[in-house]
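Results of the structural survey
Below, each chain spelled out in residue letters.
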Amino acid sequence: MRVADFDFDLPPERIALRPASPRDSSKLLVVRQDVLEDHVFRELPDLLRAGDVLVFNNTRVIPAALSGHRMGRSGTTPKIEALLHMRLDGSRWKAFVKPARKLVTGDRVRFCDEKTSLRVNSLDATVEEKGEAGEVTLAFDLHGPALDEAIAAVGEMPLPPYISGKRGTDQQDKADYQTIYAEKQGAVAAPTAGLHFTPQVMERLQAAGISQEFVTLHVGAGTFLPVKAEDTRDHRMHAEWGEVTAAACVRLKAARAADGRIVAVGTTSLRLLESSGLEPFSGTTEIFITPGYRFRATDLLVTNFHLPKSTLFMLVSAFAGLERMRQAYAHAIANDYRFYSYGDSSLLFPAP
């Protein structure tokens, strides 16, 4: 399909720079094939039924935005910004860097806490490999937990560019840009559909007989990248690591057998469920879902409102229908819904 088919006009004031407070006071648009319904997110338990299973992504965002300087060459020490996006092993990460033209294989980079100095909380790495579109492989001097601690000391929360371009990252984002059930460290972007959940909503879901299951997909920075191709067939997704346990698969299949519905909380949970096909899974996925895809493992989807021409808008259009999603987004814009990571939510029913 043409990428232009997924474009729409979005007024800039609809982009949320802070989340709703409390989290569950955000708006919730229910998108069925025959009706659009306006709700508040805390009403979600009333919109599902006993026996349904919500599938959450329990990844935890790390402070993966690093700033530093190139070292070792005589004359200049240009500033380098890196956004980690996938761990390769105990000491190596793939990252997107700016400006990539300032680096060659073998260069040394010292990352630091820019609010202090280069000599405090510093972290050194070697450019092991250069790829396309500013991607490099960084081999850090530290390994394992020591590296994790250093990244936490010098890094900042990696807010999406449509937020960070309008305001700086602050202490509040460390709490706001993390789900309440975040557990397994490794993501460099939040599974933002989960940001609306509060302990109160979780308790009401349990009381209503709606169970909870957890999977892990370490969301990468590739989720922020624009689609530059003109045809969806020419776009390449970046790999992300995920896991669905055998025990989770057994419980999800049992729920379906008892007429329960699998409700993916966010596009990350959905992509992982579809990659696994409800079979045990551990590894990387590059699944790219566009209209025409036949869903195997997901019955309903809770998700935020996404960027024009993004892979995520393509995914929700595949799930609920492109024309229906155009109508839903037009309704959301007209009714002051807030968009993107800190914005409002939707509950999508599948297209026939």
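Below you will find a few notes about this structure. These numbers were taken from a predicted model, which means no experiment stands behind them.

**Looking at helix H8 (residues 311–320)**
Every α-helix winds through 3.6 residues per turn, so residues three or four apart in the chain are directed the same way. Among the 10 residues of H8, 10 are classified as buried, and the element is accordingly described as predominantly covered. Looking at H8, one finds that the buried residues are Thr311, Leu312, Phe313, Met314, Leu315, Val316, Ser317, Ala318, Phe319 and Ala320. Gly321 sits one or two positions beyond H8 and adopts a positive phi of about 105°.

**Details of the sheet that holds strand E6 (residues 79–87)**
Read around the closed barrel, six strands run E5-E6-E7-E10-E9-E8, paired in antiparallel fashion. The sheet shows a mean angle of 45° between the axes of neighbouring strands, direction not considered. As judged from the five bridges shared by strand E7 (residues 92–98) and strand E10 (residues 135–140), these two strands associate in the antiparallel manner. Directly across from Ala95, in E10, lies its bridge partner Val136. Helix H2 (residues 144–154) rests against strand E5 (65–71), E6, E7, strand E8 (108–112), strand E9 (123–130) and E10 of the sheet, and its axis sits at about 105° to E9.

**Considerations on the sheet that holds strand E2 (residues 36–40)**
Whenever strands of a sheet pair, they do so through backbone hydrogen bonds, lying parallel or antiparallel. Spatial strand order, E2-E1-E17-E16-E14-E3-E12-E13-E15: nine strands in an open sheet with mixed pairing. Each of the sheet's edge strands pairs with one partner strand only, and the pair in question is E2 and strand E15 (281–285). Here the average twist between neighbouring strands, direction ignored, is 25°. Sheet topology places strand E16 (residues 300–304) next to strand E17 (residues 345–348); four bridges connect them, and they run antiparallel. Counted as the bridge partner of Asn304 is Ser345 from E17. Strand contacts of H8: E16 and E17, with the helix running at about 150° to E16, the strand carrying the most contacts.

**Digging into the nonpolar core**
Residues Met325, Tyr329 and Phe339 are the most contacted members of the largest nonpolar core, which totals 59 residues. For this core, the element with the highest residue contribution is H8, accounting for seven residues. Leaving out residues up to four positions away in the same chain, Phe339 has contacts with Phe8, Leu10, Arg14, Ile15, Ala16, Phe305, His306, Tyr329, Ala332 and Ile333. Of all hydrophobic cores here, the second largest spans 27 residues; its members include Val97, Val136, Leu138 and Val188.

**Observations regarding the pattern of salt bridges**
When the charged atoms of two side chains lie near each other, side chains of opposite charge can form a pair. Evaluation of the coordinates by the stated rule reveals 23 salt bridges. The residue Arg49 makes a salt bridge to Asp52 at a minimum N-O spacing of 3.9 Å. Assessed through its relative accessible area of 0%, Asp52 is described here as buried. Across the pair Asp231 and Arg233 runs a salt bridge, and its minimum N-O distance is 3.0 Å. The exposure class of Asp231 is buried, given its relative accessible area of 16%. Shared partners join several salt bridges into a network, and the residues in it are Arg18, Arg167, Asp170 and Asp173.

**Topic: the packing of aromatic side chains**
This structure, assessed with the given rule, holds 19 aromatic pairs. Here Phe295 and Phe319 contribute two aromatic rings whose centre-to-centre distance is 5.1 Å and whose plane-to-plane angle is 85°, an arrangement assigned as edge-to-face. Note that Phe295 is positioned in the loop between E15 and E16 and Phe319 in helix H8, a separation of 24 residues in sequence. Counting every residue linked through ring pairs, the aromatic cluster contains Phe6, Phe8, Tyr162, Phe305, Phe313, Tyr329, Tyr337, Phe339 and Tyr340. Seen from the ring of Tyr337, Lys27 lies directly overhead, with NZ or CZ sitting 5.1 Å from the centre.

**With respect to the side chain of Arg261**
Structurally, the position occupied by Arg261 is in the loop between helix H6 (246–257) and strand E14 (262–265). Given the relative accessible area of 14%, Arg261 is considered buried. Only 2.8 Å separates the side chain of Arg261 from the side chain of Asp52, close enough to count as a polar contact.

**Structural notes on the packing of H8 against helix H9 (residues 322–334)**
It is at 7 Å that the axes of H8 and H9 come closest, and there the two elements cross at 115°. Handedness of the H8/H9 crossing: right-handed. Note on element contacts: H9 touches H8 through Leu322, Arg324, Met325 and Tyr329, opposite Phe313, Val316, Ser317 and Ala320. When the residues that make up the contact of H8 with H9 are grouped by side-chain class, the tally is six nonpolar, one polar and one charged.

Analysis parameters
Residues numbered from 1 in each chain as written. Predicted model: local features only at pLDDT ≥ 70, side-chain atom pairs only at ≥ 80, totals over all residues. Heavy atoms only, no water. Buried < 20%, exposed > 50% of the residue type's maximum accessible area, 1.4 Å probe, protein only. Helix = DSSP H or I, 4+ residues; strand = E, 2+ residues; numbered from the N terminus. Pairing = 2+ DSSP bridges. Axes fitted to C-alpha atoms, helices over the stretch in contact; angles between N-to-C directions. Contact = heavy atoms within 4.5 Å. Core = buried A, V, L, I, M, F, W, Y, C linked by side-chain atoms within 4.5 Å. Salt bridge = Lys/Arg side-chain N within 4 Å of Asp/Glu carboxyl O. Phe/Tyr/Trp six-rings, centres within 6.5 Å; stacked < 30°, edge-to-face > 60°. Lys NZ or Arg CZ within 6 Å of the ring centre and 35° of its normal. Polar contact = N/O pair within 3.5 Å; in protein donor to acceptor, adjacent residues only side chain to side chain. Left-handed = near helix turned anticlockwise from the far one by under 90°. Nonpolar A, V, L, I, M, F, W, Y, C, P; charged D, E, K, R; others polar.

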